[in-house]
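Reading the structure
What follows is each chain in one-letter form.
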Amino acid sequence: MISKVSIPETDLFHVHTYRCQHADEVPDEDYVLKALQMGATGIWFTDHAPFPGDRFGNRMLYEELDGYIRSVMSLKEKYEDRIHIHLGLEIEYLPEYDRKGYYDELLNDDRFEVLMLGQHMAEDADNPEIHTFDWDKERLKNEEYKALMGALIEGICSGKFNVVAHPDRSFRRCKKWTDEMSNLSETLIDKAKEHNMPLEINMHSLEDKHHFWPEFWEIAKKKDSRIIIGLDAHSPEELEKRRSKSISITSRLLGPESIFNVSGSVITVKEDDTYIAKDVRTRVSSQGNTAEEALYNLRIALELYYEV
Ligand SMILES: [Zn+2]
Ligand SMILES: [Zn+2]
């Protein structure tokens, strides 16, 4: 049964697998090996969930779900002394499948620790047979964000999920921030708080125009929301590449003097804007003018540490 989730910031969160049809064709174990190399305390697999009948693309087939669960569970066992491996899914809220009991079916499987609500498309309010990707360009431009935000809010209120993936990505077709977007965001942020669900700052969104909205995170920060960082990795390389970027974005959003954790390191921002990186296992620390620099220096310090 899904419950409140606690994801240490020293973990790597939001990882896909080859099954989703748009990730690297590599074994699941490659992600674990990369995470170990990076000194992460844990790794969370949240591949795109299938729906029975396989009506939608860009995700694993329903018949692959079992193999996905078995693969992650066997890695969990194999590496249990070295890293915490967690099983989850990223999935859209579609009322039709809620009525059919699909989410309950997933919730009843104890092996899942996280059901992440990630709305890449939504049901048409007037006809469950139609989804936003069936709409024409003009309608998508004008209405997609309302459908995605509406579905996210409904999904949050259903109580069947424990993390909200990339909420601000809903505005990907919007060109500039408006009062209406503010109002929708406030409602979503309030509901997520009511259900004690963390909101994900998605590192993939940062790479695409209009997928990441600082205005959204300003509201979340003001309302003291629970925020987590998701790497949304579709290859082992993206785990590493996006981790270092996540450091500077966290400090920019949450302000200097904030202490935040990235993989196996704790980063502290000092008042004079210098960064201290400390390794959680060895307590070795290093300084730098940017978080990346502090981490780079830490890596060198650790090499020396392990040499001795
Ligand atoms: Zn994906
Ligand atoms: Zn997603």
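Residues numbered from 1 in each chain as written. Chains lettered and ligands numbered in written order. Predicted model: local features only at pLDDT ≥ 70, side-chain atom pairs only at ≥ 80, totals over all residues.

So, the overall build of the protein
Scanning the protein from N- to C-terminus turns up nine helices and 13 strands. Taking 2.2 N^0.38 as the reference for a compact globule, 308 residues should give roughly 19 Å; the C-alpha atoms of the protein span a radius of gyration of 20 Å, in line with that estimate. If one aligns the C-alpha atoms of the protein with their principal axes, the spans along those axes are about 65 × 45 × 30 Å. Taking all 308 residues of the protein together, 39% fall into the buried category. Counting only contacts in the protein whose residues sit at least 6 apart along the sequence, the fraction spanning at least 24 positions is 68%. (Helix = DSSP H or I, 4+ residues; strand = E, 2+ residues; numbered from the N terminus. Rg over C-alpha atoms; globule rule 2.2 N^0.38 Å. Buried ≥ 20, exposed ≤ 12 C-beta atoms within 10 Å, placed from the backbone. Contact = placed C-beta atoms within 7 Å.)

Things to note about the domain arrangement of the protein
By a widespread convention, an interface's size corresponds to the accessible area lost as its parts come together. In terms of domain boundaries, the protein breaks down into domain 1 (11-253) and domain 2 (254-308). On a C-alpha basis, the centroid separation for the pair domain 1 and domain 2 is 28 Å. (Domains from an automatic or database assignment.)

Observations regarding the nonpolar core
In this structure, Leu12, Ile43, Leu117, Leu152, Val163 and Val164 are the most contacted members of the largest nonpolar core, which totals 63 residues. Counting residues per element, this core draws most heavily on helix α5 (residues 137-158), which supplies eight residues. Residue contacts for Leu117: discarding those within four places in its chain leaves Ile91, Tyr93, Leu152, Gly155, Ile156, Phe161, Val163, Val164 and Ala165. Among the nonpolar cores identified, the runner-up in size contains eight residues, and Ile267, Val269, Ala291 and Leu295 belong to it. (Core = buried A, V, L, I, M, F, W, Y, C linked by C-beta atoms within 7 Å.)

Here we look at the pairing of strand β4 (residues 114-117)
Here β4 shows two buried faces, one formed by Val114 and Met116 and the other by Leu115 and Leu117. One ladder, built from four bridges, connects strand β3 (residues 84-91) with β4; its direction is parallel. When the sheet's bridge partners are listed, Gly88 is paired in β4 with Val114. Examined bridge by bridge, β4 and strand β7 (residues 163-164) share two bridges and lie parallel to one another. Along β7, the bridge assignment pairs Met116 with Val163. (Pairing = 2+ DSSP bridges.)

Describing the packing of helix α1 (residues 28-37) against helix α2 (residues 65-78)
Direction vectors running N to C along α1 and α2 enclose 35 degrees, while the axes themselves pass 10 Å from each other. Handedness of the crossing formed by α1 with α2: right-handed. Facing Asp28, Glu29 and Val32 of α1, the residues of α2 in contact are Ser71, Val72 and Leu75. Residues that form the contact of α1 with α2 fall into these classes: three nonpolar, one polar and two charged. (Axes fitted to C-alpha atoms, helices over the stretch in contact; angles between N-to-C directions. Left-handed = near helix turned anticlockwise from the far one by under 90°. Nonpolar A, V, L, I, M, F, W, Y, C, P; charged D, E, K, R; others polar.)

Some words on unusual backbone geometry
Of note in this structure, Asn58 is not a glycine but carries a positive phi near 60 degrees. Note on Asn58: 11 C-beta atoms within 10 Å, which makes it exposed. The residue His166 is not glycine, and still its phi comes out positive at about 20 degrees. His166 gets classed as buried once you count the C-beta atoms within 10 Å, which come to 26.

What about α5?
Taking 1.5 Å per residue, 22 residues should reach 32 Å; α5 reaches 30 Å between its end C-alpha atoms and fits that length. The largest bend in α5 comes to about 60 degrees, at Glu143. Of the positions making up α5, those classed as buried are Glu144, Tyr145, Ala147, Leu148, Met149, Gly150, Ala151, Leu152, Ile153, Gly155 and Ile156. (Expected span 1.5 Å × (residues − 1). Bend = angle between axes of the 7 residues up to and from the residue.)

Overview of the packing of helix α6 (residues 179-194) against helix α7 (residues 214-222)
Between α6 and α7, the least distance of the axes is 10 Å, while the angle of their chain directions is 40 degrees. Between α6 and α7, the angle falls in the class oblique. Crossing hand, α6 versus α7: right-handed. For the pair α6 and α7, contact is made by Ser182, Ser185, Glu186 and Ile189 and by Phe216, Ile219 and Ala220, respectively. (Parallel < 35°, antiparallel > 145°, perpendicular 65-115°, else oblique.)

Considerations on the environment of Tyr103
Relative to the assigned elements, Tyr103 resides in helix α4 (residues 102-107). A C-alpha to C-alpha distance of 8.8 Å links Tyr103 and Tyr93, two positions ten residues apart in sequence. Look past the residues within four positions of Tyr103 in its chain and what remains in contact with it is Tyr97, Asp98 and Lys160.

As for the environment of Asp81
Note that Asp81 resides in the loop between α2 and β3. Take Asp81: there are 5 C-beta atoms within 10 Å of it, and that puts it in the exposed class.

Here's the deal with the environment of Pro95
For Pro95, the position within the fold is in helix α3 (residues 95-99). Remark: the alpha-carbon pair of Pro95 and Thr178, spanning 83 residues in sequence, is separated by 28 Å.

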